[in-house]
Amino acid sequence: QVQLVESGGGLVQAGGSLRLSCAASGRTISNSGMNWFRKAPGKERELVAAIGSSSSTYYADSVRDRFTISRDNAKNTVYLQMNSLKAEDTAVYYCNLEVRAPGTSRDYWGQGTQVTVSP
């Protein structure tokens, strides 16, 4: 049973920082892409950042230069360091593990962690 558990969300003032963690169990993340998505009220789910198995990264334009995604395969954990937070970053943040192999495609999701940025 694969489980992803996010932590680190909370309430922070604009300009502040938070570090989200996503701890995986039941499967190693070392050969999988890991993503952070967010969902704000009234908006569609958005891919915020992604990190490949080779640690290549992708960032949405809205967070580039402010957020950093990283992974620690030894701890089976992925992180999202969020700096210079803005009110528009307020959302529930979800960790996603994607499994892609010939004949196999599956996604696993965490329960989400709330990030609230006060103006």
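All values reported here derive from a predicted model rather than from experimental measurement.

> Before we move on, could you go through the nonpolar core and cite the residues and values that matter?
Trp36, Leu80, Met82 and Tyr93 are the most contacted members of the largest nonpolar core, which totals 31 residues. Of all the elements in the fold, those that place two or more residues in this core are strand S3 (18–25), strand S4 (33–39), strand S5 (46–51), strand S7 (67–72), strand S8 (77–82), strand S9 (91–101) and strand S11 (113–118). Looking at this core, the element that brings in the most residues is S9, giving five residues. Apart from residues no more than four positions distant in its own chain, Leu80 is found in contact with Leu18, Arg19, Leu20, Trp36, Val48, Ala49, Phe67, Thr68, Ile69 and Tyr93.

> Break down the sheet that holds S7 for me, with residues and values.
Judged by pairing direction, the sheet is antiparallel, and its four strands sit side by side in the order S1-S3-S8-S7 without closing on themselves. The open sheet has two edge strands with one neighbour each: strand S1 (3–7) and S7. Going across the sheet, the axis of each strand differs from the next one's by a mean of 15 degrees, ignoring polarity.

> Lay out the pairing of S11 with the relevant residues and their values.
Going residue by residue along S11, you find Thr113, Val115 and Val117 tucked away on one face and Gln114, Thr116 and Ser118 left uncovered on the opposite face. Inspection of the sheet shows strand S2 (residues 10–13) paired to S11 by four bridges, in the parallel sense. Looking across to S11, one finds that Gln13 is bridged to Ser118. Of the pairings in the sheet, the one linking S9 to S11 comprises three bridges and is antiparallel in character.

> Account for the state of the cysteines, naming residues and giving values.
With the rule as written, the count across this model stands at one disulfide. Residue Cys22 pairs covalently with Cys95 via a disulfide, S to S 2.1 Å. Judged by the sign of its S-S torsion, about -80 degrees, the bond between Cys22 and Cys95 is left-handed. Highlighted residues: Cys22 in strand S3 and Cys95 in strand S9, separated in sequence by 73 residues. With respect to class, Cys22 is no different from Cys95; both count as buried.

Rules of the game
Residues numbered from 1 in each chain as written. Predicted model: local features only at pLDDT ≥ 70, side-chain atom pairs only at ≥ 80, totals over all residues. Heavy atoms only, no water. Core = buried A, V, L, I, M, F, W, Y, C linked by side-chain atoms within 4.5 Å. Buried < 20%, exposed > 50% of the residue type's maximum accessible area, 1.4 Å probe, protein only. Helix = DSSP H or I, 4+ residues; strand = E, 2+ residues; numbered from the N terminus. Contact = heavy atoms within 4.5 Å. Pairing = 2+ DSSP bridges. Axes fitted to C-alpha atoms, helices over the stretch in contact; angles between N-to-C directions. Disulfide = S-S within 2.5 Å.

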